[in-house]
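# Coordinate inspection notes
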Amino acid sequence: AQKVTQAQTEISVVEKEDVTLDCVYETRDTTYYLFWYKQPPSGELVFLIRRNSFDEQNEISGRYSWNFQKSTSSFNFTITASQVVDSAVYFCALIPFSGNTGKLIFGQGTTLQVKP
Amino acid sequence: DSGVTQTPKHLITATGQRVTLRCSPRSGDLSVYWYQQSLDQGLQFLIQYYNGEERAKGNILERFSAQQFPDLHSELNLSSLELGDSALYFCASSVGMETREQYFGPGTRLLVL
């Protein structure tokens, strides 16, 4: 099965706290691509990161960081020193290479609320 | 701003009607994708076009159809609308066919009464 699971439905933190959003994926493919998207209250989907299965290096972009672990099929997303503007729904997604399409398989999303 | 445009932003219609959603991809992108977001189903892939040709189909109902025109804009046609078709419909585009990041438009919110 090709599947993405985001077990955390909702997370609430206070501003400046660090928060980690979990993502676990399932795929038979050895080549695949993982993504994170942000959906703020305004509704649009904003691309955050793309990672291929051969690149297990962690990535940091400002307050955002991503931890990719093939051994546990996880691609977790950490926001450091969270801010109110980080409040949004965050989606993890997968494209298996063998599908030969650009079909994004999304998780159910994690709603993050950052309180002032 | 992703560079992907969608019209209209909101659409209210009645059951049994037909509507057309329009999408213009980012400049230079050849692939267009349509997704449906609803509370019960989440984000679901509907269909993909690449340079005018249908590339992949997902959970798209037979009442729905799409096409991509020579200028690369795309339209999603929804007919015989039912209450359950109420959802947010997103268009996305990417440079290539498959594994590149997709940039999403603002979506069209469809309400079927």
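Our subject is the structure listed above.
Below is a summary of the structure that appears in this document. (Residues numbered from 1 in each chain as written. Chains lettered and ligands numbered in written order. Predicted model: local features only at pLDDT ≥ 70, side-chain atom pairs only at ≥ 80, totals over all residues. Heavy atoms only, no water.)

### Side note on the overall build of chain B
Keep this limit in mind: The helix count covers DSSP runs of H or I at least four residues long, the strand count covers runs of E at least two residues long, and both are numbered beginning at the N terminus. Put simply, the radius of gyration uses C-alpha atoms, and a globule should come to 2.2 Å times the residue count raised to 0.38. Using a 1.4 Å probe on the protein chains alone, a residue whose accessible area is under 20% of its type maximum counts as buried, one over 50% counts as exposed, and one in between counts as partly exposed. When checking whether two residues touch, look at their non-hydrogen atoms; a contact exists if any pair is within 4.5 Å. Shrake-Rupley sampling with a 1.4 Å probe provides the accessible areas, and residues are treated as covered by the protein chains on show and by no other component. Think of it this way: Lys and Arg go in the positive column, Asp and Glu in the negative one, and His and the chain ends go nowhere. Think of each charge as sitting on NZ of Lys, CZ of Arg, CG of Asp or CD of Glu.
For chain B, the count of helices and strands is zero helices and 11 strands. Put simply, chain B runs from its N terminus to its C terminus through helices and strands in the order β-β-β-β-β-β-β-β-β-β-β. Against the compact-globule benchmark of 13 Å for 113 residues, chain B has a radius of gyration of 13 Å, which places it among compact chains. Projecting the C-alpha coordinates of chain B onto the three principal axes gives extents of approximately 35 × 30 × 25 Å. Per-residue burial for chain B yields a buried fraction of 51% across its 113 residues. The contacts in chain B between residues at least 6 apart in sequence include a share of 55% that link residues at least 24 apart. When the accessible surface of chain B is totalled, it reaches about 5400 Å², and 48% of it is carbon and sulfur. In chain B, which carries 9 positive and 12 negative side-chain charges, the distance between the mean positions of the two groups comes to 3 Å.

### What to know about the packing of aromatic side chains
What characterises a pair of aromatic rings is the spacing of the ring centres plus the angle enclosed by the ring planes. Keep this limit in mind: Think of it this way: a Phe, Tyr or Trp ring, Trp meaning its six-membered ring, pairs with another when their centres are within 6.5 Å, and the plane angle makes it stacked under 30 degrees, edge-to-face over 60, tilted otherwise.
Here the structure, examined in full by the defined rule, presents 20 aromatic pairs over all chains. Ring centres 5.1 Å apart and planes at 50 degrees place the aromatic pair tyrosine 25 of chain A and tyrosine 32 of chain A in the tilted group. Ring plane angle 65 degrees and centroid distance 5.6 Å describe the contact between phenylalanine 47 of chain A and tyrosine 103 of chain B, whose orientation is recorded as edge-to-face. Here tyrosine 103 of chain B lies in strand E10 (residues 103–104) and phenylalanine 47 of chain A lies in strand E6 (residues 46–52), a pairing that spans two chains. In textbook terms, an aromatic cluster arises when at least three aromatic residues are bridged by ring pairs, as seen for Phe35, Tyr37, Phe47, Phe91 and Phe106 of chain A together with Tyr35, Phe45, Phe90, Tyr103 and Phe104 of chain B.

### Regarding the sheet that holds strand E7 (residues 64–68) of chain B
Residues and elements named next belong to chain B. Test applied: Between any two strands, at least two bridges found by DSSP are needed for them to pair. Comment: axis = line fitted to C-alpha atoms, over the contacting stretch for helices; angle = value between 0 and 180 degrees taken between N-to-C directions.
Sheet architecture is open: four strands sit in the order E1-E3-E8-E7, paired in antiparallel fashion. At either end of the open sheet lies a strand with only one pairing partner, and these are strand E1 (5–7) and E7. Between one strand and the next, the sheet's axes are offset by a mean angle of 15 degrees, whatever the strand orientation. When E1 meets strand E3 (residues 19–24), the two strands line up antiparallel, connected through three bridges. Within E3, the position partnered with glutamine 6 by the bridge is cysteine 23.

### Topic: the pairing of strand E9 (residues 87–94) of chain B
Residue and element names in this part refer to chain B. The buried fraction of E9 amounts to eight of the eight residues, a majority that puts the element mostly inside the structure. Across the two faces of E9 the burial is the same, with Ala87, Tyr89, Cys91 and Ser93 and Leu88, Phe90, Ala92 and Ser94 all buried. In terms of strand pairing, strand E4 (residues 31–38) meets E9 through seven bridges, oriented antiparallel. Along E9, the bridge assignment pairs tyrosine 35 with phenylalanine 90.

### Considering the nonpolar core
Residue and element names in this part refer to chain A. Threshold: For this analysis, a nonpolar core means a set of buried residues of the types Ala, Val, Leu, Ile, Met, Phe, Trp, Tyr and Cys, connected via side-chain atoms within 4.5 Å.
Counting 25 residues, the largest nonpolar core has Trp36, Trp66, Phe75, Phe77, Tyr90 and Leu112 as the members making the most contacts within it. Counting residues per element, the ones that place at least two in this core are strand E2 (10–14), strand E3 (19–21), strand E5 (32–39), E6, strand E8 (64–69), strand E9 (74–79), strand E10 (88–96) and strand E12 (110–115). Considering every element that reaches this core, the biggest residue donor is E10, with four residues. Among residues more than four places away in sequence, those in contact with tryptophan 66 are Trp36, Leu48, Ile49, Asn58, Glu59, Ser61, Phe75, Asn76 and Phe77.

### Focus on the interface of chain B and chain A
Quick note on the threshold: Here the quantity called buried area is the accessible surface, traced with a 1.4 Å probe, that two parts lose on coming together, added over both. The working definition used for a salt bridge is a side-chain nitrogen of Lys or Arg within 4 Å of a carboxyl oxygen of Asp or Glu. Here a polar contact means two N or O atoms within 3.5 Å. Within protein one must be a hydrogen donor candidate and the other an acceptor candidate, and residues neighboring in sequence count only if both atoms are side-chain atoms. The classification used treats Ala, Val, Leu, Ile, Met, Phe, Trp, Tyr, Cys and Pro as nonpolar, Asp, Glu, Lys and Arg as charged, and all other residues, Gly among them, as polar.
On the side of chain A, 19 residues touch chain B, which itself brings 22 residues to the contact. Of the roughly 1700 Å² buried where chain B meets chain A, counting both sides, 59% is carbon and sulfur surface. Contact with chain A buries area across many residues of chain B, yet Leu43, Thr99 and Phe104 of chain B alone supply 34% of it, more than any other trio. In this assembly, chain B and chain A are joined by one salt bridge. Notably, a salt bridge pairs arginine 50 of chain A with glutamate 101 of chain B, separated by 3.9 Å at the nearest N-O pair. Along the contact surface separating chain B from chain A lie five residue pairs in polar contact (both at pLDDT 80 or more). For the side of chain B that touches chain A, the residue count by class is 11 nonpolar, seven polar and four charged.

Keep in mind these numbers describe shape, not what the thing actually does.
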